[in-house]
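The lines below spell out each chain.
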Amino acid sequence: MGDDEYHPISHAGSNLTKAGGIGYTVADSIDTMIIMGLEDEYQRARAWVADKLSFERDANFNTFKFETTIRVLGGLLSAYHLSGEDPVFLEKAEELGTSRILPVFETESGLPLSLINLALREGVPDRDNNGYVSTAEASTLQLEFRYLAYLTDEDTYWEKPEKAMAVLRASATPSGLVSIFVDPKMGRYQTSSIRLGSRGDSYYEYLLINQTELVYREMYATAMTGIHTHLVQRGLSSQLLYIAELNPERTQNGEIGWRLTPKQDHLVCFLGGSLTMLGATTSGALVHNVSIPPRTDELTEQGERDWLTGVELINTCMATHDTQTGLAPEIAHFRILGDGVDNSIAPADQYIKGARPNAPPPFDARYILRPETVESIFIAFRLTGDPKYRDYGWAIFQAIEKHCRIPTGGYASVINVDQVPMEYDDKMETFLMYLYLLFADSSVLPLNEYVFNTEAHPLPVFNPTIRTGFS
């Protein structure tokens, strides 16, 4: 117990560095154990955190996106709240946040570095990306650090990530859309893709989380308008609504132009529920408590626009599950006029790029137990009460049980969603709590009392003791 990753086929664990791990899987799972009433498992996990969790690891750990902050720090803070404020979780969270993570903010601009050596307490540039930081890494930290500041009355936990957001806002374009890389030295966005998938997704997600602040409401509203203006597209045949990408390319005269690419990561499916539908009933609401489902006279014009987009995007994400396994691929491409795609191979609307009969599957074809579609379905059900969303979730659950479950225990990733029998990748992610919540009573973690971080760790809605210092 305590390894970072679990491999369900080989029944083995592994760590992400040679220096050892910091219990990613355990930290990710404790709040789920509490919510589901798994008392024996919870007590084992708590004992491991109390007695064996150590951050004295002389290796470079990913600071934010999907790793140390949102998984370990977020998991510990959620466990602290759900356990009735067991101090062991807050003590570990404060140790991790104070001396281990905060050093990554010691840059010329105040933007955090991507990596942290936990033992040396030093930020480390990501050489694989020329030292640049992904936008999601730099911005997916306000919720966790603000809650830690609230619990400990230590303002520095909020001041550091707030400074990072001020830098990002100052460098943003009028459209509200941002590139996926930023330079931590200069504090400026670098010419790179604009997308709501990997390296960009949770920047937009966390704008909505901070809706108590006027500056974040404005940033969110501007970004949503930018998304609708520049990225919302429709498929050729069935007119499925999807979120495209903008990719930079040099023109013949050497200038930078932008090419719209009809590609949507599975990661983008968070947008349907958590950003558009939930955003419509909060940022886009004319009344404090909207109806279930909301009435049109309760929403602003922008709120109604976002709501309808969310409904359609969820339908699109469900359409990507129309595969041999009923599982969605990691990336879906959509047909456009003149795309040169062989009609005898690719469907008329959305398809897996590079897939060929009797050929090795492309990277895009894999399924790694992603939670984004189920997350949106869960939120949509809570906001509408429409049983069709539970039907959607049940279909996904059945497909996971049939094609991902390993008879000897656990669930594995699938290498090709369009191949039966399937081939497995011996790795189990910890992403699927939303399936349980979808079928739980609405009194379990109500959306007006809890907010979920981007790794599905629920934290209570709280009134911050300090306000944002930039506008």
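As shown above, the structure is provided for reference.
Residues numbered from 1 in each chain as written. Predicted model: local features only at pLDDT ≥ 70, side-chain atom pairs only at ≥ 80, totals over all residues. Heavy atoms only, no water.

J.: What's the story with the side chain of Thr316 in this structure? I'm lost.
T.: Here Thr316 shows up in helix H11 (residues 301–319). Taking the relative accessible area as the measure of exposure, Thr316 reaches 0% and is therefore buried. There is a polar contact of 2.5 Å between the side chain of Thr316 and the backbone oxygen of Leu241. (Helix = DSSP H or I, 4+ residues; strand = E, 2+ residues; numbered from the N terminus. Buried < 20%, exposed > 50% of the residue type's maximum accessible area, 1.4 Å probe, protein only. Polar contact = N/O pair within 3.5 Å; in protein donor to acceptor, adjacent residues only side chain to side chain.)

J.: Is there a simple way to think about a nonpolar patch on the surface in this case?
T.: Together, Met36, Leu38 and Tyr436 make up a nonpolar patch on the protein surface, roughly 240 Å² of accessible area in all. Inspection of the secondary structure puts Met36 in the loop between helix H1 (24–35) and helix H2 (39–51). By relative accessible area, which is 37% here, Met36 ends up partly exposed. (Patch = residues over 30% accessible without salt bridge, like charges linked within 9 Å, V, L, I, M, F, W, Y side chains within 5 Å. Areas by Shrake-Rupley, 256 points an atom, 1.4 Å probe, with all protein chains shown as cover. Salt bridge = Lys/Arg side-chain N within 4 Å of Asp/Glu carboxyl O.)

J.: I'm lost on the pairing of strand S14 (residues 331–334) in this one. Help?
T.: For a regular strand, side chains alternate in direction, first toward one face of the sheet and then toward the other. Burial along S14 is two-sided: the face carrying Ile331 and His333 and the face carrying Ala332 and Phe334 are both buried. With 3 bridges connecting them, strand S13 (residues 263–265) and S14 associate as antiparallel partners. For Lys263, the partnering residue across the bridge sits in S14 and is His333. Two elements, S14 and strand S15 (residues 350–351), share 2 bridges in a ladder whose sense is antiparallel. Across the sheet, residue Phe334 finds its bridge partner in S15, namely Gln350. (Pairing = 2+ DSSP bridges.)

J.: Would you explain the pairing of strand S12 (residues 256–261) in this entry?
T.: Alignment of strand S11 (residues 245–250) against S12, held across 6 bridges, turns out to be antiparallel. Of the residues in S12, the one forming a bridge with Arg250 is Ile256. Connecting S11 to the next strand, S12, in antiparallel fashion are 5 residues, including Gly254 with a positive phi near 85°.

J.: So what exactly am I meant to see when it comes to the environment of Arg467 here?
T.: Along the chain, Arg467 turns up in the segment after strand S19 (458–460). Relative accessible area serves as the criterion here: at 46%, Arg467 is assigned to the partly exposed category. For Arg467 and Glu162, which are 305 residues apart along the polypeptide, the C-alpha to C-alpha distance reads 9.7 Å.

J.: Please explain a negative patch on the surface as it appears in this structure.
T.: Taken together, the side chains of Asp153, Glu154, Asp155 and Glu159 define an acidic patch exposed on the protein surface. For Glu159, the location among the structural elements is in helix H7 (residues 156–171). (Lys, Arg positive; Asp, Glu negative; His and termini not counted. Charge placed at Lys NZ, Arg CZ, Asp CG, Glu CD.)

J.: Would you take a moment to explain the state of the cysteines for this structure?
T.: As used here, a disulfide is simply a covalent bond connecting the sulfur atoms of two cysteines. Considering all chains together, one arrives at 1 disulfide under this definition. Across a sulfur-sulfur distance of 2.0 Å, Cys269 and Cys317 are joined as a disulfide pair. Linking Cys269 and Cys317, the disulfide has an S-S dihedral of approximately -100° and is accordingly described as left-handed. In this pair, Cys269 is assigned in the loop between S13 and helix H10 (270–280) and Cys317 in helix H11, connecting sequence segments 48 residues apart. For the pair Cys269 and Cys317, a shared accessibility class is recorded, and that class is buried. Just so you know, Cys404 is unpaired, no disulfide at all, and the nearest cysteine sulfur is the one on Cys269, 16 Å from it. (Disulfide = S-S within 2.5 Å.)

J.: Can you help me understand the sheet that holds strand S6 (residues 133–134) in this one?
T.: Note: strands within a sheet are paired through backbone hydrogen bonds, in either parallel or antiparallel orientation. Pairing in this open sheet of 3 strands is antiparallel, and the strands run S6-S7-S8 from one edge to the other. For this open sheet the edge positions go to S6 and strand S8 (188–189), each flanked by a neighbour on one side alone. In terms of strand pairing, strand S7 (residues 181–183) meets S8 through 2 bridges, oriented antiparallel. The partner of Asp183 across the bridge, within S8, is Arg188.

J.: Would you mind going over the environment of Pro294 with me for this structure?
T.: Examined against the element boundaries, Pro294 turns out to sit in the loop between H10 and H11. When its relative accessible area of 15% is taken as the criterion, Pro294 is described as buried. For the pair formed by Pro294 and Gly110, sequence separation is 184 residues and the distance between their alpha carbons is 41 Å. Apart from the residues lying within four places of it in its own chain, the contact partners of Pro294 are Thr281, Leu299, Trp307 and Leu383. (Contact = heavy atoms within 4.5 Å.)

J.: For this particular structure, what's the right way to read the sheet that holds S15?
T.: Overall, antiparallel pairing links the 3 strands, which are arranged S13-S14-S15 in an open sheet. Both outer strands of the open sheet, S13 and S15, are each paired with one neighbouring strand and no more.

J.: Would you mind showing me how to read H2 here?
T.: Each turn of an α-helix holds 3.6 residues, which means side chains three or four residues apart point in the same direction. The first and last C-alpha atoms of H2 sit 18 Å apart over 13 residues, in line with the 18 Å expected at 1.5 Å per residue. Where H2 is concerned, the buried positions are Tyr42, Ala45, Trp48 and Val49. Along H2, the residues classed as buried sweep out an arc of 125° about the axis, all on the same side. Set apart from the buried face of H2 by more than 90 degrees, the exposed residues are Asp40, Arg44 and Asp51. Lining the buried residues of H2 we find H1, helix H3 (68–82) and helix H4 (87–101). (Expected span 1.5 Å × (residues − 1). Arc of directions from axis to C-beta.)

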